[in-house]
Amino acid sequence: MPKYSIKTVASLTGVNPTTIRAWERRYQFIVPSRTESGHRLYSDQDVEKIKWVVDKQKEGLTVSQAIQQLQQAPEPEGEPNRLYDEELRMGLLDALLSFDERTAHDLINQAFNTFSFEKVTKDIIGPLLMEIGARWEDGSITIAHEHFATAFLRSRLSTLSLQMPLNPFLPRITCVCAPGEMHEIGLLFVTLYLRQHGYDVIFLGAGFPKEDLSKALHDIDTKCLIFACTLSEHLSALEEAIDYIGKDHPELMIGTGGYAVSSEASRFKDTFLGDTPEEWNEWLSTI
Ligand code: B12
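The rules behind each value
- Residues numbered from 1 in each chain as written.
- Predicted model: local features only at pLDDT ≥ 70, side-chain atom pairs only at ≥ 80, totals over all residues.
- Heavy atoms only, no water.
- Helix = DSSP H or I, 4+ residues; strand = E, 2+ residues; numbered from the N terminus.
- Contact = heavy atoms within 4.5 Å.
- Areas by Shrake-Rupley, 256 points an atom, 1.4 Å probe, with all protein chains shown as cover.
- Lys, Arg positive; Asp, Glu negative; His and termini not counted.
- Charge placed at Lys NZ, Arg CZ, Asp CG, Glu CD.
- Buried < 20%, exposed > 50% of the residue type's maximum accessible area, 1.4 Å probe, protein only.
- Donors = N, O, S within 2.8 Å, 3.2 Å for Na, K, Ca; no water.
- Core = buried A, V, L, I, M, F, W, Y, C linked by side-chain atoms within 4.5 Å.
- Domains from an automatic or database assignment.
- Patch = residues over 30% accessible without salt bridge, like charges linked within 9 Å, V, L, I, M, F, W, Y side chains within 5 Å.
- Salt bridge = Lys/Arg side-chain N within 4 Å of Asp/Glu carboxyl O.
- Phe/Tyr/Trp six-rings, centres within 6.5 Å; stacked < 30°, edge-to-face > 60°.
- Lys NZ or Arg CZ within 6 Å of the ring centre and 35° of its normal.

Colleague: Can you break down the overall build of the chain residue by residue, with the values?
Modeller: Along its length, the chain carries 13 helices and 6 strands. Along the first, second and third principal axes, the C-alpha set of the chain runs to 65 × 50 × 35 Å. Taking all contacts inside the chain whose residues are at least 6 apart in sequence as the whole, residues at least 24 apart take part in 70%. As displayed, the chain offers around 15,200 Å² of accessible surface, 55% of which is attributable to carbon and sulfur atoms. With 27 positive and 42 negative side-chain charges, the chain shows a spacing of 9 Å between the two charge centroids.

As structure tokens, then:
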């Protein structure tokens, strides 16, 4: 829980406030919360991270080397973290279902501060959205709650890739939902996974008619098009789109994925990327 002012952090770590602010701006390895009046508030984890950098500097590492090591450090296993991610997930769900955007920002900052991108998407955001789906289905929440939650998560997830460096030797990929498909968060997870691995990705989001997509692809210099489909009722439209675009862009590699495709994997055996990052990597290596 955020509780220390920058002055207190400076005295706890021996790093002066100007340097702490500079490290935040340059490396984004800590994202403090804010008080009502906008003052920074830091958590115990933030203080531990700054102390880690100071110790590594004493061992002769530069600040950026120390922070890189910190971000690559494996997630500490065991009970404290599982409880902490559960606490964060429940807190974030409550905040989103009570339309409390400020608390939701604080909690998702803490999540990205404490855990890797993979863990936050897999163990916090994914299950949270499943819970929202179940509550919508049993009528305990409205579609307005679902829209508020997804709009918030979509905007926070989209900003993540700003920090992800591009590998110019990798092909550009275009990601879009199947025609008629509006579930785009799963595809956004995949897009962030690709960007984290250096791919330049054009994210087109919710589905639209195949004719418009095919026309636009003449303006997008891309080697690969990846479709997402969550609802089985959109699978026929997806097959038509793959056929239509395949004829108009014979050089384009087309991939598919998502809940509905995964449930009928044999029907999409020529294009299905698989269900796990390992299977995605194998498919990507064939582009
Ligand atoms: C958010 C949401 C919405 C939002 C979507 C907003 C947005 N911008 O994305 C809105 C409000 C628009 C919506 C609308 C509808 N929804 Co809805 N929705 C959901 C909800 C709550 C979360 C979906 C989500 O983001 N999950 C999190 C992501 C990360 O999980 P995921 O999509 O499965 O993705 C994972 C994998 O599948 C995979 N993956 C996903 N995409 C891809 C792509 C590739 C290429 C690859 C390799 C992998 C991959 O990786 C991801 C990470 O593991 C689900 C509940 C649920 N159980 O999922 C219901 C749910 C999917 N919706 C449902 C329904 C019925 C609808 C509506 C028909 C409701 C209505 N009557 O209006 C409409 C249909 C709209 C349309 N035309 O598509 C049902 C579907 C039931 C079914 N038939 O299967 C669900 C299951 C709710 C429920 N419990 O009944 N929905």
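Colleague: Break down the environment of F117 for me, citing the residues and quoting the values.
Modeller: Tracing the backbone shows F117 in helix 7 (residues 117-137). Classification of F117 by relative accessible area gives buried; the value is 11%. For F117, the residues in contact, after removing those within four places along its chain, are L160, F189, L192, Y193 and Q196.

Colleague: Before we move on, could you go through the coordination of the cobalt atom of the ligand and cite the residues and values that matter?
Modeller: Of all protein atoms, H183 (NE2) alone acts as a donor to the cobalt atom of the ligand, lying 2.3 Å away. Among the secondary structure elements, H183 is positioned in the loop between strand 3 (173-177) and helix 9 (185-196).

Colleague: Got a sec to walk through the nonpolar core? Specific residues and values, please.
Modeller: With 46 residues, the main nonpolar core has L92, L96, L157, I173, C175, L194 and I226 as its most contacted residues. Ranked by residues supplied to this core, first place goes to helix 9 with 8 residues. Domain assignment of the residues forming this core places at least three in each of domain 2 (82-162) and domain 3 (165-284). In this structure, L96 is in contact with A104, L128, F148, A149, F152 and L153, ignoring residues within four places of it in sequence. One finds A178, C229, L235 and V261 within the second-largest nonpolar core, a separate group that totals 19 residues.

Colleague: Which residues make up a negative patch on the surface, and what values go with them?
Modeller: On the surface, a cluster of negative charge is made up of D275, E278, E279 and E282. A relative accessible area of 37% places E279 in the partly exposed class.

Colleague: How would you sum up the packing of aromatic side chains? Please name residues and give values.
Modeller: For the structure on display, the rule yields 2 aromatic pairs. Seen in terms of ring centroids, Y193 and W280 are 5.3 Å apart; in terms of plane orientation they differ by 80°. Their pairing is edge-to-face. Taken as a pair, Y193 in helix 9 and W280 in helix 13 (residues 277-284) lie far apart in primary sequence, 87 residues in all. For the residue pair Y193 and W280, the accessibility class agrees, reading buried in each case. Sitting over the face of the ring of W52, K56 holds its NZ or CZ atom 4.9 Å from the ring centroid. The cationic tip of K210 hangs over the ring face of Y244; the distance from NZ or CZ to the ring centre is 5.7 Å.

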